[in-house]
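If you want the building blocks of each chain, they are given just below.
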Amino acid sequence: DAGVIQSPRHEVTEMGQEVTLRCKPISGHNSLFWYRQTMMRGLELLIYFNNNVPIDDSGMPEDRFSAKMPNASFSTLKIQPSEPRDSAVYFCASSRPSGANGNTIYFGEGSWLTVV
Amino acid sequence: RKEVEQDPGPFNVPEGATVAFNCTYSNSASQSFFWYRQDCRKEPKLLMSVYSSGNEDGRFTAQLNRASQYISLLIRDSKLSDSATYLCVVNSTGGFKTIFGAGTRLFVKA
């Protein structure tokens, strides 16, 4: 089975440009997560969706960040305008309830963003 | 206080050594617990779930102490390939909010 698929894998962009990261979750998973990872702050949850509905976006750093999930197989994370401090690895992950042990989360390979 | 806290590391151990990582969590209503492994420049991957009675998977043993809100991971007979960052993960009630610890780096040396 295909895992979580993210694109682009790497992006270098200039400050002020719009960045769109894309994610296809594992088929059948009903929860989708966007994480950001940096050396300084570790792995931070930005937003998660359940059944395509945003449940908690309290981790989104500011209004420049937005995320959508128009259907069960696609999500985007957009940064507009981008700033150098947005440089990080952005991971998309998905899960479905796995019984009494809760949700096992599966990560994509990440989108490595550099804003210069 | 962070919701999930881990030993800062790094841990530098020789091959064959036994090493233990600790993790504490603040939400007493947390229901599910995991250890993830992250290799350099890779995504986190599930290492093992942590069950209330404790569980073992080969050289890896996970323990949960709900009263103390404490999770541990023990690695026996360390291998060079065990070198990675180990992330403690806690799932809140309802399973919708998953919090990752900052991770503990392990270096196993020959």
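Residues numbered from 1 in each chain as written. Chains lettered and ligands numbered in written order. Predicted model: local features only at pLDDT ≥ 70, side-chain atom pairs only at ≥ 80, totals over all residues. Heavy atoms only, no water.

> Sorry if this is basic, but what is going on with the sheet that holds strand β3 (residues 19-24) of chain A here?
Two modes of strand pairing occur in sheets, parallel and antiparallel, and in both the strands are linked by backbone hydrogen bonds. All names here are of chain A. The strand order across the open sheet formed by four strands is β1-β3-β8-β7, and the pairing between neighbours is antiparallel. Where the open sheet ends on each side, the last strands, each with one partner, are β1 (5-7) and β7 (65-71). This sheet shows a mean twist of 15° between the axes of neighbouring strands, independent of strand direction. Here β1 runs beside β3; their pairing, made up of three bridges, is antiparallel. Residue Q6 lies in a different strand from β3, and its bridge partner there is C23. (Pairing = 2+ DSSP bridges. Helix = DSSP H or I, 4+ residues; strand = E, 2+ residues; numbered from the N terminus. Axes fitted to C-alpha atoms, helices over the stretch in contact; angles between N-to-C directions.)

> Explanation requested: the packing of aromatic side chains in the structure shown.
The geometry of two aromatic rings is summed up by the distance between their centres and the angle between their planes. This model, assessed by the stated rule, comprises twelve aromatic pairs over all chains. Look at F91 of chain A and F107 of chain A: their rings are 5.8 Å apart centre to centre, the planes differ by 90°, and that puts the pair in the edge-to-face class. With F91 of chain A in strand β9 (residues 88-95) and F107 of chain A in strand β10 (residues 106-107), the pair connects residues that are 16 residues apart, well separated along the chain. On the basis of relative accessible area, F91 of chain A is assigned to the buried category, the value being 0%. Through a chain of ring-to-ring contacts, the aromatic side chains of F33, Y35, Y48, F91 and F107 of chain A together with F34, Y36 and F100 of chain B assemble into a single cluster. The residue whose ring lies beneath R41 of chain B is W112 of chain A, and the NZ or CZ to ring-centre distance is 4.3 Å. (Phe/Tyr/Trp six-rings, centres within 6.5 Å; stacked < 30°, edge-to-face > 60°. Buried < 20%, exposed > 50% of the residue type's maximum accessible area, 1.4 Å probe, protein only. Lys NZ or Arg CZ within 6 Å of the ring centre and 35° of its normal.)

It is worth stressing that arrangement in space is one thing and function is another; only the former is reported here.
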